Amino acid sequence: MFKKQSIAMLMLLPVLSVAQTKPYALKGRLTDSALKGTIILQKYINNQILKDTARIQNGFFEFKGFTDTPIAVNITFLRDADVSSEKSVSRDFRTVYIEAGVMEVVIADSLKNASIINSKINDDYGKFKKSTEVTDAQITKLRMQYYQQKKEQKDSSQLNQTSSEIERLTAIKRQTWVDYIKQNPDSYFSLQALKEVSFPFLDPAFAGPLYDQLSSRVKQYKLAKELNKLIKSTEKVAKGKIAPNFTHPDAKGKMISLADFKGKYVLLDFWASWCMPCRAEAPFLRKAAETFSAKNFMVLGVSIDVSKDREKWTKALKDDQSPGIQLNDADKSNVKGANSLYGITAIPANFLIGPDGKIIDTNLRGEDLEKRLLEIIK
């Protein structure tokens, strides 16, 4: 079966900064002055969908605002002719990127086919989208085929064949993004590509060299600075590094540190009560604890449940029969907390730490955990 996204992504990279200080203008011009209607603009800012409208007047419309980072917006052309005749309103819309400055949209017959003038970022966006257009369509078709085969209870050989093809195409798409970064170091979408190929579990040895290839202009974007910050933080918890120490309370309020267990093999496991993929790992963690506890091994869980979810956390501990010692890092803004020190971007996530305090391996899931422990712990 193809690998599902069985992780919970954490919102560590902002969709858009709160501060918006630089002016932008999106100006529209219709070559056919007979076209009448309204343009609707929707944008996602600070976890909210905001909508604005502009009436077409004498063939022109305009949106103005402020931003200090590129914004993806959806614009829709709602024609008066469709509304007045009570027709099913056609979905004439497209996604464009707005950044500081002035850009112009020229509409001839439709918004979908409109030209965007004086906008490098939208030229780059078109190139970026096109780079994986064919592969995306193939993957979508195969996924639909896979779920249909599953629904019809096809034999495992057919499912495995479809799954393998999805994974092959996904690898091609990933390489396409890597190539895009290398060939377009001055494109904002090289940042988007870097984010896509680096997550959910960022490997600094992979992401760092790609980040270094970006132009100095692109590195000034807020997204670039956030990515660089994460790369630097994950470098500190790469394999072979000394695991950073931290101190957090257990369910009874007792403060416990990672350093308390130096000399043991410790599986540092990050999870949360609301994360179903994390909860699904509990049986594997229990089995590992039972199998290797006599061989100097233990599980140290760190929940990232916030304070208001404390009861949900403690209930999950009981329901899942969570093994080992369980702590709670409720404040993700705490730079000395485990969540921050280990650069957690998705859960479940774990780190296998040796008796010498060095990180041996990371993100051991399911049956792979026991297999790896058998290789290491004799």
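Residues numbered from 1 in each chain as written. Predicted model: local features only at pLDDT ≥ 70, side-chain atom pairs only at ≥ 80, totals over all residues. Heavy atoms only, no water.

**A closer look at the overall build of the protein**
Item 1. For the protein, the count of helices and strands is 12 helices and 17 strands.
Item 2. Overall, the protein is about 80 × 55 × 45 Å in size when its C-alpha atoms are taken along their principal axes.
Item 3. The burial tally for the protein puts 46% of its 378 residues in the buried class.
Item 4. Counting only contacts in the protein whose residues sit at least 6 apart along the sequence, the fraction spanning at least 24 positions is 70%.
Item 5. Looking at the protein as shown, the accessible area adds up to about 20300 Å², and 51% of this sits on carbon and sulfur atoms.
Item 6. Charge separation in the protein, taken as the distance between the mean sites of 58 positive and 44 negative side-chain charges, equals 2 Å. (Helix = DSSP H or I, 4+ residues; strand = E, 2+ residues; numbered from the N terminus. Buried < 20%, exposed > 50% of the residue type's maximum accessible area, 1.4 Å probe, protein only. Contact = heavy atoms within 4.5 Å. Areas by Shrake-Rupley, 256 points an atom, 1.4 Å probe, with all protein chains shown as cover. Lys, Arg positive; Asp, Glu negative; His and termini not counted. Charge placed at Lys NZ, Arg CZ, Asp CG, Glu CD.)

**A look at the nonpolar core**
Item 1. Among the nonpolar cores identified, the biggest contains 29 residues, and Phe246, Leu268, Phe270, Leu300 and Tyr342 are the most heavily contacted of them.
Item 2. Put simply, the parts of the chain that give this core at least two residues each are strand 12 (265–271), strand 13 (297–303), helix 10 (310–320) and strand 16 (349–353).
Item 3. With 4 residues, strand 12 is the largest single contributor of residues to this core.
Item 4. Excluding its chain neighbours within four sequence positions, the residues that come into contact with leucine 300 are Phe246, Leu258, Phe261, Val266, Leu267, Leu268, Asp269, Ile325 and Leu327.
Item 5. Counting 27 residues, the second largest nonpolar core, distinct from the first, contains Phe128, Val197, Ala207 and Tyr211. (Core = buried A, V, L, I, M, F, W, Y, C linked by side-chain atoms within 4.5 Å.)

**Details of the sheet that holds strand 13**
Item 1. Ordered in space as 14-13-12-16-17, the 5 strands form an open sheet in which the pairing is mixed. Only two strands of the sheet have a single neighbouring strand rather than two, namely strand 14 (325–328) and strand 17 (359–362). The sheet shows a mean angle of 20° between the axes of neighbouring strands, taken without regard to direction.
Item 2. Against the sheet, helix 12 (residues 367–376) contacts strand 12, strand 13, strand 16 and strand 17, and its axis sits at roughly 155° relative to strand 17. (Pairing = 2+ DSSP bridges. Axes fitted to C-alpha atoms, helices over the stretch in contact; angles between N-to-C directions.)

**A word on the sheet that holds strand 6 (residues 71–79)**
Item 1. Taken together, the 4 strands give an open sheet; going across it, the order is 4-3-6-7, and neighbouring strands pair in antiparallel fashion. Each edge of the sheet is formed by a strand with only one pairing partner; in this case those strands are strand 4 (48–55) and strand 7 (93–98). Strand-to-strand, the axes of this sheet are offset by a mean angle of 25°, without reference to chain direction.
Item 2. When strand 6 meets strand 7, the two strands line up antiparallel, connected through 6 bridges.

**A few points about unusual backbone geometry**
Item 1. Put simply, isoleucine 347 and proline 348 share a cis peptide bond, and its omega is 0°.
Item 2. Mapping proline 348 onto the fold places it in the loop between strand 15 (346–347) and strand 16.
Item 3. With phi around 55°, asparagine 58 is a residue other than glycine that occupies positive phi space.
Item 4. We classify asparagine 58 as exposed; its relative accessible area is 72%.

**A look at helix 12**
Item 1. Burial in helix 12 covers these residues: Leu369, Leu373 and Ile376. Projected down its long axis, helix 12 shows its buried positions confined to an angular sector of 65°, all on one face. Counted as exposed and oriented over 90 degrees from the buried face of helix 12: Glu367 and Glu375.
Item 2. Buried positions along helix 12 lie against strand 12, helix 9 (282–292), strand 13, strand 16 and strand 17. (Arc of directions from axis to C-beta.)

**Some words on the side chain of glutamine 326**
Item 1. As for its placement among the helices and strands, glutamine 326 is situated in strand 14.
Item 2. A distance of 3.1 Å separates the side chain of glutamine 326 from the side chain of tryptophan 271, its partner in a polar contact.
Item 3. A polar contact of 2.9 Å, which involves the side chain of glutamine 326, links it to the backbone oxygen of proline 323.
Item 4. Those residues in contact with glutamine 326, other than ones at most four positions away along the chain, are Pro249, Asp250, Ala251, Trp271, Val299, Gly301, Val302, Trp313 and Leu317. (Polar contact = N/O pair within 3.5 Å; in protein donor to acceptor, adjacent residues only side chain to side chain.)

**What about the packing of aromatic side chains?**
Item 1. For the structure shown, the criterion picks out 15 aromatic pairs.
Item 2. Centroid distance tyrosine 125 to phenylalanine 189: 5.3 Å. Interplanar angle 35°. Geometry classified as tilted. With tyrosine 125 in helix 2 (residues 120–131) and phenylalanine 189 in helix 5 (residues 188–198), this residue pair connects regions lying 64 residues apart in the sequence. Side by side, tyrosine 125 and phenylalanine 189 carry an identical accessibility label, which is buried.
Item 3. An aromatic cluster is built from Tyr97, Tyr125, Phe128, Tyr180, Tyr188, Phe189 and Tyr221, whose rings are joined through pairwise contacts. (Phe/Tyr/Trp six-rings, centres within 6.5 Å; stacked < 30°, edge-to-face > 60°.)

**Some words on the packing of helix 5 against helix 7 (residues 222–235)**
Item 1. At a minimum axis distance of 10 Å, the contact between helix 5 and helix 7 shows a crossing angle of 35°. Our pair here, helix 5 against helix 7, has a crossing hand that is left-handed. For the pair helix 5 and helix 7, contact is made by Tyr188, Leu191, Gln192, Leu194 and Lys195 and by Leu223, Ala224 and Leu227, respectively. (Left-handed = near helix turned anticlockwise from the far one by under 90°.)

These figures capture arrangement, not role.
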